[in-house]
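# Tertiary structure, described
Here's the letter readout for the chains.
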Amino acid sequence: MSHIEIFDSRYARLKAVDWDFTDASQDSLASIHPYPARFIPDIPRELISGLGCDKGAVILDPFCGSGTTLLEAQRAGFESVGIDLNPIACLISSVKTKELPPEFLPVAHDVYEQAKNTFDGYVDIPTIPNLDHWFKPDVQKALSSLLTHIDEQSDVNLKNALKLALSSIIVRVSNQESDTRYAAIDNNYTANDVLESFLTACNKIHEAKKRNSVNLECSKIFNQDILSVLASDFDKPVGLVITSPPYPNAYEYWLYHKFRMWWLGFDPIQVRTFEIGARPHYQKKNGQTEEDFRKQMSSVFDLLSDVLLSGGHVCFVVGRSVIKGKIVDNAELIRNVAENHKMVLVANIEREIAATKKSFNLKYGKIKTENILIFRKD
Ligand SMILES: C[S@@+](CC[C@H](N)C(=O)[O-])C[C@H]1O[C@@H](n2cnc3c(N)ncnc32)[C@H](O)[C@@H]1O
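Residues numbered from 1 in each chain as written. Predicted model: local features only at pLDDT ≥ 70, side-chain atom pairs only at ≥ 80, totals over all residues. Heavy atoms only, no water.

Glancing now at the domain arrangement of the protein. One widely used convention gives an interface's size as the accessible area the parts lose upon coming together. Domain annotation of the protein identifies domain 1 (3–98 + 215–259 + 268–377) and domain 2 (104–210). With centres defined by C-alpha atoms, the gap from domain 1 to domain 2 works out at 30 Å. On the domain 2 side, the residues contacting the 18 residues of domain 1 number 18 residues. Summing both partners gives a buried area of about 1800 Å² for domain 1 against domain 2, and 69% of it is carried by carbon and sulfur. At the junction of domain 1 with domain 2, the criterion picks out 0 salt bridges. For the pair domain 1 and domain 2, the number of links is 5 residue pairs in polar contact (both at pLDDT 80 or more). Only α3 (87–97) and α9 (253–256) provide two or more residues apiece to the side of domain 1 that touches domain 2. Counting residues per element, the side of domain 1 that touches domain 2 draws most heavily on α3, at 7 residues. (Domains from an automatic or database assignment. Contact = heavy atoms within 4.5 Å. Buried area = accessible area lost by both parts, 1.4 Å probe. Salt bridge = Lys/Arg side-chain N within 4 Å of Asp/Glu carboxyl O. Polar contact = N/O pair within 3.5 Å; in protein donor to acceptor, adjacent residues only side chain to side chain. Helix = DSSP H or I, 4+ residues; strand = E, 2+ residues; numbered from the N terminus.)

What follows is the structure, given as structure tokens:
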């Protein structure tokens, strides 16, 4: 059962919400592409409706991942800004929040037909480490052929939606055991399976977008390291921040999307270098510590203090993690950092994480609750 502490009576209305969201709604747009540790849409939805955002200001998610906050902001009629280091995160966020061109499905069929007719001839296969270990030769040819024809498209939104469809099938048609198990197994996927899966993924995106028409130009997405973002990069003030940061030594977004990034022309090793919380930074000798994470979060709050309007709110959804056998209370850490930035804690919600949201990190998987911390800038 969720537990809520209110430190300012003006926020008593937040008590009316069941923050466990035991009957959370299913969102067809959330399922167009997998993403680890994403929000259930109900969290940003309730925070937006309970806290609001000044007219003329934007809602910001500095770790936007698959764009759940951005989409809920858009549904509630607010402009939003999303930032994420991971290019796959930005691709998903972009397709979710931008208009899908009406010619998407016919073009998807054309790309499928062209790839079907050409994959067996000469195709340019990208250079990817250990490619033959992870992808069968026919699968490589079919993926490369689809990519070639996707790259011929000139409309950015159209190209992004086609790339997202391709990205969503890459792990499934590889020899990787599953999205969260990194062993190689003998997969029997053929070129034809790849082409059919691509078309199915395009249909899924088309159906989900049809049911979720969007207000154009409502969100801006920056594929950037949050620690390199400046207040001057914003052209509007921020009225509300809703985010869930990467936890130290927990999920590995770069690893989860490694093959997708290689295939789409990004460098996952570069992403790993700048990814906050990634396990390799913590597990090596003299690796990062809780203090490094505190400094990173402090830099994020420097930025948030600069861009947020007075009276605006910052909501951090955060759980515990484990560094070298020691549990780190990230909620306590964020609370200290925020208070050092003169932000006032107005509510602290502890909620249960549904069993279906279990992580692939076993140590982390034992942790059953997370906190929603709500601060106000006075
Ligand atoms: C908990 S996830 C956010 C999930 C998101 N709330 C959703 O609903 O999909 C944290 C995100 O932080 C991103 N991240 C990690 N290091 C980053 C950095 N240095 N700059 C920006 N984003 C970063 C990861 O790529 C990941 O998408």
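Next comes the rest of the account.
With that settled, the discussion passes to unusual backbone geometry. For Asn 249, which is not glycine, the phi torsion reads 60 degrees and is therefore positive. Among the structural elements, Asn 249 can be located in the loop between β7 (238–243) and α9. Non-glycine residue Asn 286 carries a positive phi angle of around 55 degrees. Within the fold, Asn 286 resides in the loop between α12 (279–283) and α13 (290–307).

So, on to the site of the ligand. Around the ligand sit 22 residues, and of these Tyr 35, Ser 66, Thr 68, Asp 84 and Asp 225 come closest. Note that an oxygen atom of the ligand is positioned 2.9 Å from one of the backbone N or O atoms of Phe 39. Taking Phe 274, its main chain carries an N or O atom lying 3.0 Å from a nitrogen atom of the ligand. For the ligand, the accessible surface in isolation is 600 Å², of which the surrounding protein chains cover 99%. Split by residue class, the shell around the ligand holds 12 nonpolar, 6 polar and 4 charged. (Near = heavy atom within 4 Å. Areas by Shrake-Rupley, 256 points an atom, 1.4 Å probe, with all protein chains shown as cover. Nonpolar A, V, L, I, M, F, W, Y, C, P; charged D, E, K, R; others polar.)

As a further point, take the packing of aromatic side chains. Evaluated as defined, the whole model comprises 8 aromatic pairs. Ring centres of Phe 135 and Phe 259 lie 5.4 Å apart, and the angle between their planes is 90 degrees; on these two criteria the pair is classed as edge-to-face. Placement of the pair is Phe 135 in the loop between α5 (131–134) and α6 (137–151) and Phe 259 in helix α10 (residues 258–263), with a sequence separation of 124 residues. For the pair formed by Phe 135 and Phe 259, the shared burial category is buried. Ring geometry for Phe 135 and Trp 263: centres 5.5 Å apart, planes at 75 degrees, overall edge-to-face. Taken together, the residues span a long stretch of sequence, with Phe 135 in the loop between α5 and α6 and Trp 263 in helix α10 at a distance of 128 residues. A cation over a ring is seen here: Lys 258 above Phe 259, with NZ or CZ 5.4 Å from the ring centre. (Phe/Tyr/Trp six-rings, centres within 6.5 Å; stacked < 30°, edge-to-face > 60°. Buried < 20%, exposed > 50% of the residue type's maximum accessible area, 1.4 Å probe, protein only. Lys NZ or Arg CZ within 6 Å of the ring centre and 35° of its normal.)

The next subject is the packing of helix α4 (residues 104–118) against α6. The N-to-C vectors of α4 and α6 enclose an angle of 135 degrees; their axes lie 9 Å apart at closest approach. Comparing the axis directions of α4 and α6 gives the class oblique. Handedness of the crossing formed by α4 with α6: right-handed. Here Val 111, Tyr 112, Gln 114, Ala 115 and Thr 118 of α4 lie close against α6, whose contacting residues are Ser 145, Leu 146, His 149 and Ile 150. (Axes fitted to C-alpha atoms, helices over the stretch in contact; angles between N-to-C directions. Parallel < 35°, antiparallel > 145°, perpendicular 65-115°, else oblique. Left-handed = near helix turned anticlockwise from the far one by under 90°.)

Taken across its 5 residues, strand β3 (residues 80–84) has 5 buried, putting it largely inside the fold. Judged by which residues are buried, β3 turns out to be covered on both faces: Ser 80, Gly 82 and Asp 84 on one side and Val 81 and Ile 83 on the other are all buried. As for the winding sense of the linkage, the β-α-β connection from strand β2 (residues 58–61) through helix α2 (residues 68–75) to β3 is right-handed. (Right-handed = clockwise from strand over helix to strand, strands pointing away.)

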